[in-house]
Amino acid sequence: MTALTVPLDGDALLAAVTEEMVKLHERYHHRAPVTAKTLLLGGEVLVCVLGGVYTDVEKTMIELQRTTIVQETRSAFQTAMQQRFISIVELLSGRVVLAFISNHHVGPDMEVEIFMLRPLADANSPGTG
């Protein structure tokens with residue numbers, strides 16, 4: 001990630017978040033997701049949707065009816081990684097992440113990273129996050 005002098009917004013923020021989420025996925029799962037897109041909903045909900053996220057090992061486990069193991073492993077990993085995800089979004093957006101929610105789905109193969117951002121009106125208010 002390149003150093004930023006000002007926080008990003010609009011399409012630049014969405015593109016940067018998508019790029020960083022893909023990089024994290026590629027680094028830790030050793031493959032990029034097939035698709036990736038980030039949306040900002042209502043100015044406060046940043047959502048990154050990754051498609052085609054499962055590794056060959058995970059796909060094999062799913063085929064062998066071991067979906068629960070894949071889900072538990074993915075969930076544990078997301079919990080362990082949440083601060084890295086949050087830090088990236090806070091750096092790129094210049095806003096505090098109030099909550100981070102991560103989930104994945106087997107059919108279709110997708111993952112969703114949701115960041116609840118502190119409202120802009122509260123961005124400089126102490127003690128609101």
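A. Structural view of the nonpolar core. Membership of the largest hydrophobic core comes to 24 residues, with the highest contact counts inside it found for Val 17, Met 21, Leu 46, Phe 85, Val 89 and Phe 115. Sorting the residues of this core by element identifies helix 1 (10-29), strand 2 (45-51), helix 3 (67-93), strand 3 (97-105) and strand 4 (110-117) as the ones contributing at least two each. With residues up to four places along the chain from it excluded, the contact list for Met 21 reads Cys 48, Phe 85, Ile 88, Val 89, Glu 113 and Phe 115.

B. Spatial organisation of the pattern of salt bridges. For the structure shown, the criterion picks out four salt bridges. Ionic pairing is found between Glu 58 and Arg 74, a salt bridge with its closest N-O pair at 2.7 Å. Here Glu 58 is found in helix 2 (residues 56-63), whereas its partner Arg 74 is found in helix 3, with 16 residues between them in sequence. In this structure, Glu 58 and Arg 74 share a single accessibility class: buried. A salt bridge links Glu 111 to Arg 74; the nearest nitrogen and oxygen atoms lie 2.7 Å apart. Remark: Arg 74 occurs in helix 3 and Glu 111 occurs in strand 4; sequence separation between them is 37 residues.

C. Focus on the pairing of strand 2. Among the seven residues of strand 2, five are classified as buried, and the element is accordingly described as predominantly covered. With seven bridges joining them, strand 1 (residues 35-41) and strand 2 adopt antiparallel strand pairing. Within the sheet, the bridge partner assigned to Thr 38 lies in strand 2 and is Cys 48. Hairpin remark: strand 1 followed by strand 2, antiparallel, with three residues in the connecting loop; positive phi at Gly 42, about 65 degrees. Where strand 2 lies against strand 4, seven bridges are found, and the strand directions are antiparallel. Counterpart to Gly 51 in the pairing with strand 4 is Met 110.

Definitions and limits used
Residues numbered from 1 in each chain as written. Predicted model: local features only at pLDDT ≥ 70, side-chain atom pairs only at ≥ 80, totals over all residues. Heavy atoms only, no water. Core = buried A, V, L, I, M, F, W, Y, C linked by side-chain atoms within 4.5 Å. Buried < 20%, exposed > 50% of the residue type's maximum accessible area, 1.4 Å probe, protein only. Helix = DSSP H or I, 4+ residues; strand = E, 2+ residues; numbered from the N terminus. Contact = heavy atoms within 4.5 Å. Salt bridge = Lys/Arg side-chain N within 4 Å of Asp/Glu carboxyl O. Pairing = 2+ DSSP bridges.

Spatial relationships are all this shows, so hold off on functional conclusions.
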